Amino acid sequence: MKVNLDDFRQTEDPECIFSTMIPLKRKKVSQPVSQQNDTCTFPHVSIFILERKMGTSRRAFLTRLGRSKGFLIRETYSSSITHVVSENNSGDEVQAWLDNQTERDASSSVHLLDIRWFTESMEAGHPITVQDRHILKVNPKPNGDPSAMQMKSYACQRRTPLKHHNSFLTEALEILSQNAEYNDNEGRSVAFRRAASVLKALPHRVKTIEDLRCLPCLGDHSQRVIKEILEDGSSREVESTRQSEQFQTMKALTGIFGVGVRTADRWFREGLRSPDDLIRTGQQLNRAQQAGLQYYDDLQKPVTKAEADVISDIVEKAVHAVLPGAEIQLMGGFRRGKEVGHDVDFLITHPEEGKEEGLMPKITNWLEEQGLLLYQKTTRNSYLEKMDGPARPPNNMDRFERCFSIFKLQKSAVRCKSNSTASVEDVSRGGENERPSEHHSEESGWRAVRVDLVVSPYSQFAFATLGWTGSKLFERELRRWAGQEKHMSLSSHALYDSKQNLYLRAKTEEEIFAYLGLEFIPPSERNA
Ligand code: UTP
Ligand code: MN
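The residue numbers shown here count from 1 along each chain, following its written sequence. All chains are assigned letters beginning with A, and all ligands numbers beginning with 1, in the order in which they are written. Reporting of local features is limited, given that this is a predicted model, to residues whose pLDDT is at least 70; pairs of side-chain atoms are given and counted only at 80 or more, and all residues count toward the totals for whole chains, interfaces and linings. Heavy atoms from the whole structure form the basis of all side-chain values; hydrogens and water molecules are not counted.

- Going by an unreviewed UniProt entry, the protein carries the name DNA-directed DNA/RNA polymerase mu and comes from Cirrhinus molitorella.
- As its UniProt record puts it under Function (unreviewed entry), the protein is described as follows: "Gap-filling polymerase involved in repair of DNA double-strand breaks by non-homologous end joining (NHEJ). Participates in immunoglobulin (Ig) light chain gene rearrangement in V(D)J recombination."
- UniProt positions are given in the numbering used here, feature names are shortened, and annotations may be inferred rather than shown by experiment. Of the protein, the UniProt comment under Cofactor (unreviewed entry) reads exactly: "Mg(2+)".

Structure, rendered in structure tokens:
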């Protein structure tokens with residue numbers, strides 16, 4: 001193995017190491033966290049110290065100690081590593097970690113070693129020969145489906161198609177996830193959702209509990225539920241949850257636009273059970289909730305792709321009318337290839353940075369003049385790039401200029417579009433003559449549709465695109481991967497490298513996956 005000692009020359013300028021990473025406007029002048037080796041006496045032994053269960057400060061101490069003795073110790077894992085050293089980890093744990101490394105060259109062999117090899121080498125003053133007692137024991141994987149054995153543990157490392165083979169199990173697990181969310185138990189909710197997501201990525205239908213061996217993210221509870229469904233056809237816990245008054249009420253009340261879990265739970269405890277109960281008891285409602293109640297039946301109905309396409313045409317027309325050259329992209333579930341959704345999401349930008357400022361009110365005015373909006377609330381862009389990185393813990397709410405709206409969609413336009421002859425003029429004409437009606441009936445020529453519009457500065461567009469494509473679990477796993485595996489912080493605005501104290505710029509989603517050391521997953525396979 002050839003080692004280029006220039007790689008390890010100490011540098012004062014972080015830009016030298018990461019030429020593709022553009023530093024902050026005012027660059028931090030402090031030393032990068034990771035000092036490189038001054039001198040390296042044993043270049044044939046390339047060491048990586050695993051931080052897992054060891055902690056940052058001990059790892060930093062051991063790194064300094066080793067380097068002072070001329071050992072080659074790398075900050076990041078790559079295929080050139082020959083010795084992985086860890087403390088208090090089992091061989092299986094280190095192997096699982098290694099399997100997750102995309103930089104890994106599967107053909108090269110690497111020593112997985114206990115810390116004893118390192119300390120003994122320190123004492124000896126040179127890398128000692130690896131002996132049996134240094135080697136972490138890795139249990140051979142049980143024979144099973146080879147594809148199941150390769151299942152990665154983060155959803156953002158896997159391909160999850162829209163259609164899969166295990167809905168009979170995932171729907172049940174998702175009921176339990178939903179119920180945990182209604183009970184404000186986020187940890188439990190995510191655990192069930194992760195379990196469901198693993199089953200969605202399986203290339204076959206689960207037939208026996210044996211098929212689950214070797215799969216990550218399946219806790220005892222999920223396994224119990226799956227076992228019961230496989231053996232009895234259904235799970236008592238899932239069925240009683242589904243039928244429970246609390247579950248049904250929470251589902252109905254959180255189904256109202258503008259109503260979250262907290263509010264729904266308060267109403268449930270006050271004895272309210274349905275949207276009608278809110279009207280009957282004269283509950284205080286905000287403007288969003290009033291609209292939510294008024295268009296409840298329509299908003300319960302799934303939005304079809306054909307409807308989303310008609311709305312795309314309208315939004316494009318509106319945006320180009322007020323800002324020529326702006327770009328519009330259909331986001332969310334429809335970008336992932338879904339045929340129906342609960343709303344339609346759009347991301348809007350302009351290639352000239354700054355042109356997008358103040359765009360949203362112009363769009364909504366245009367739409368309102370055409371009589372196409374039943375409701376809208378715009379929030380302003382409040383994102384500020386902080387020099388010393390994003391706040392901790394990272395706030396997952398994004399801060400783009402954003403419009404939550406309810407569109408008035410002419411059904412005739414959708415029929416025309418399905419026959420692929422509609423013009424936007426056809427689409428908006430009906431809206432001019434009809435006013436939103438309190439008593440919107442089935443026979444009316446229009447329906448209400450939830451639409452989210454988001455405006456992003458061009459420099460953040462790739463991050464916004466990634467953040468608004470979903471699925472929600474895929475996004476969550478991307479952020480978890482970034483933080484736990486890469487010491488980075490990902491949001492819909494930026495990617496920040498906490499080791500180098502740098503924002504990493506990207507023009508495409510592909511670049512962001514590459515920074516994160518992940519294989520690129522196309523939108524249609526992000527249905528985690
Ligand atoms: P949606 O809630 O619209 O989900 O969020 P969806 O995947 O399109 O599914 P349906 O069919 O509408 O139910 C779309 C994406 O936008 C992101 C979510 O993470 C999701 O990936 N999003 C949503 C945000 O980043 N911030 C928000 O405030 C809302
Ligand atoms: Mn959506």
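## Overview of the overall build of the protein
- Helix numbering and strand numbering both begin at the N terminus, where a helix is a DSSP run of H or I of at least 4 residues and a strand a DSSP run of E of at least 2. Along its length, the protein carries 22 helices and 14 strands.
- Buried positions account for 47% of the 528 residues belonging to the protein.
- Only heavy atoms matter for contacts: two residues are in contact if any of them lie within 4.5 Å across the pair. Residue pairs at least 24 apart in sequence account for 72% of intrachain contacts in the protein once pairs closer than 6 positions are excluded.
- In these tables, accessible area is a Shrake-Rupley quantity obtained with a 1.4 Å probe, and a residue counts as shielded only by the protein chains included in the view. In the structure as shown, the protein presents an accessible area of about 26,400 Å², 48% of it carried by carbon and sulfur atoms. Per-residue accessibility, obtained with a 1.4 Å probe over protein chains only, is compared with the maximum for each type, and a residue is labelled buried under 20%, exposed over 50%, and partly exposed between these values.

## Quick word on unusual backbone geometry
- Of note, the bond from Gly 470 into Ser 471 is cis; its omega dihedral lies within 30 degrees of zero at -5°.
- Mapped onto the secondary structure, Ser 471 falls in the loop between helix H20 (461-469) and helix H21 (472-486).
- For Asn 88, which is not glycine, the phi dihedral falls at a positive 65°.
- Inspection of the secondary structure assignment puts Asn 88 in the loop between strand S3 (83-86) and helix H3 (91-99).
- Even without being glycine, Cys 217 reaches a positive phi, approximately 70°.
- Tracing the backbone shows Cys 217 in the loop between helix H7 (186-200) and helix H8 (220-232).

## Things to note about the nonpolar core
- We call a set of buried residues a nonpolar core when its members are Ala, Val, Leu, Ile, Met, Phe, Trp, Tyr or Cys and they connect through side-chain atoms within 4.5 Å of each other. With 36 residues, the main nonpolar core has Leu 173, Leu 199 and Leu 215 as its most contacted residues.
- Listing elements by their share of this core, those giving two or more residues are helix H6 (167-182), H7, H8, helix H10 (245-254) and helix H11 (261-269).
- It is H6 that contributes the most residues to this core, six residues altogether.
- Setting aside its immediate chain neighbours within four residues, Leu 173 contacts Phe 192, Ala 195, Ala 196, Leu 199, Ser 222, Val 225 and Ile 226.
- Val 319, Phe 346, Leu 359 and Val 455 belong to the second-largest nonpolar core, a separate cluster that totals 31 residues.

## Notes on the environment of Tyr 515
- Note on placement: Tyr 515 falls in helix H22 (residues 509-515).
- C-alpha of Tyr 515 to C-alpha of Leu 504: the two residues are 11 residues apart in sequence and 7.9 Å apart in space.

## What to know about the sheet that holds strand S14 (residues 502-504)
- The strand order across the open sheet formed by three strands is S12-S13-S14, and the pairing between neighbours is antiparallel. One side of each edge strand has no neighbouring strand; the edge strands of this open sheet are strand S12 (488-490) and S14. Geometrically, the sheet is characterised by an average inter-axis angle of 25° between neighbouring strands, direction not taken into account.
- The criterion for strand pairing is that DSSP finds at least two bridges linking the strands in question. In the sheet, S12 pairs with strand S13 (residues 495-497) via three bridges, with the strands oriented antiparallel. Residue pairing in the sheet places Met 488 in a bridge with Asp 497 of S13. Lines fitted to C-alpha atoms define the axes, with helix axes restricted to the stretch in contact, and inter-axis angles between N-to-C directions lie between 0 and 180 degrees.

## As for the site of ligand 1
- Taken together, the neighbourhood of ligand 1 is formed by 17 residues, with Gly 333, His 342, Asp 343, Arg 402 and Gly 470 sitting nearest.
- What qualifies as a polar contact is a pair of N or O atoms within 3.5 Å, subject to a donor-acceptor requirement within protein and to the restriction that residues adjacent in sequence count only when both atoms come from side chains. Here Gly 470 contributes a backbone N or O atom positioned 3.1 Å from an oxygen atom of ligand 1.
- Those elements that provide at least two residues to the shell around ligand 1 are helix H16 (332-335), H20 and H21.
- With three residues, H20 is the single largest residue contributor to the shell around ligand 1.
- Following the grouping adopted for this structure description, the nonpolar residues are Ala, Val, Leu, Ile, Met, Phe, Trp, Tyr, Cys and Pro, the charged ones are Asp, Glu, Lys and Arg, and the polar ones are all others, Gly among them. When grouped by side-chain class, the residues that make up the shell around ligand 1 number one nonpolar, eight polar and eight charged. If even one non-hydrogen atom of a residue comes within 4 Å of a molecule or strand, that residue is called near it.

## Concerning empty space enclosed by the protein
- Grid points spaced at 1 Å over the protein atoms alone were grouped into cavities, where a 1.4 Å probe fits but cannot get out, and pockets, open sets with protein on both sides within 12 Å along at least five of seven lines, with lining residues defined by an atom within 4 Å of a point. Grid points are joined across faces, edges and corners, and a volume is the space filled by probe spheres set on the points. Per the stated rule, a full pass over the model turns up four cavities of 30 Å³ or more.
- As a volume, the second largest cavity reaches approximately 50 Å³.
- Around the second largest cavity, the lining residues are Phe 463, Leu 466, Gly 467, Glu 475, Arg 479, Leu 490, Ser 491 and Ser 492.
- Elements with a minimum of two residues in the lining of the second largest cavity: H20 and H21.
- Top contributing element to the lining of the second largest cavity by residue count: H20, with three residues.
- Across the lining of the second largest cavity, the residue classes break down as three nonpolar, three polar and two charged.

## Re the packing of helix H9 (residues 236-243) against H10
- In the contact formed by H9 and H10, the axes pass within 5 Å of each other and the chain directions differ by 55°. Here H9 is positioned oblique relative to H10, judged by the angle of their axes. Packed against H9, whose contacting residues are Thr 241, Arg 242 and Gln 243, the element H10 presents Glu 245, Phe 247 and Gln 248 at the interface.
- Considered class by class, the residues forming the contact of H9 with H10 number one nonpolar, three polar and two charged. The cut-offs work like this: below 35 degrees is roughly parallel, past 145 is roughly antiparallel, 65 to 115 is roughly perpendicular, and the gaps in between are oblique.

## Quick look at the coordination of the manganese ion (ligand 2)
- Coordinating N, O and S atoms are those within 2.8 Å of the metal (3.2 Å for Na, K and Ca), and as water is not part of the atoms, a site may appear to have fewer donors than expected. At the metal site, the manganese ion (ligand 2) is ligated by Asp 343 (OD) and Asp 345 (OD), and these contacts range over 2.0 to 2.2 Å.
- The class for Asp 343 is buried, based on a relative accessible area of 7%.
- Judged by relative accessible area, Asp 345 falls into the buried class, the value being 8%.

## Focus: the side chain of Thr 364
- The residue Thr 364 is located in helix H17 (residues 359-369) in this model.
- Aside from chain neighbours lying at most four places away, what touches Thr 364 is Leu 373, Gln 376, Thr 378 and Cys 403.

## Examining the sheet that holds strand S10 (residues 401-410)
- Taking strand neighbours across the sheet as the criterion, the five strands line up as S6-S8-S11-S10-S9 in an open arrangement whose pairing is mixed. Each edge of the open sheet is held by one strand with a lone partner, namely strand S6 (327-330) and strand S9 (373-379). Strand after strand, the sheet turns through a mean of 25° between neighbouring axes, direction not considered.
- The sheet contact formed by S10 and strand S11 (residues 446-455) spans 10 bridges and is antiparallel. If you follow Gln 410 over to S11, its bridge partner there is Trp 446.

## A short note on the UniProt feature "binding site: Mg(2+)" (unreviewed entry) in the protein
- Here, UniProt's "binding site: Mg(2+)" (unreviewed entry) annotation points to Asp 343, Asp 345 and Asp 452. Spanning 110 residues, the named residues form one tight spatial group whose C-alpha atoms are at most 7.4 Å apart.
- Along the polypeptide, Asp 345 turns up in strand S8 (residues 344-349).
- With sequence-adjacent residues up to four places away left out, Asp 345 is seen in contact with Gln 329, Leu 330, Met 331, Gly 332, Gly 333, Asp 452 and Trp 468.
- As for its position among the elements, Asp 452 is in strand S11.

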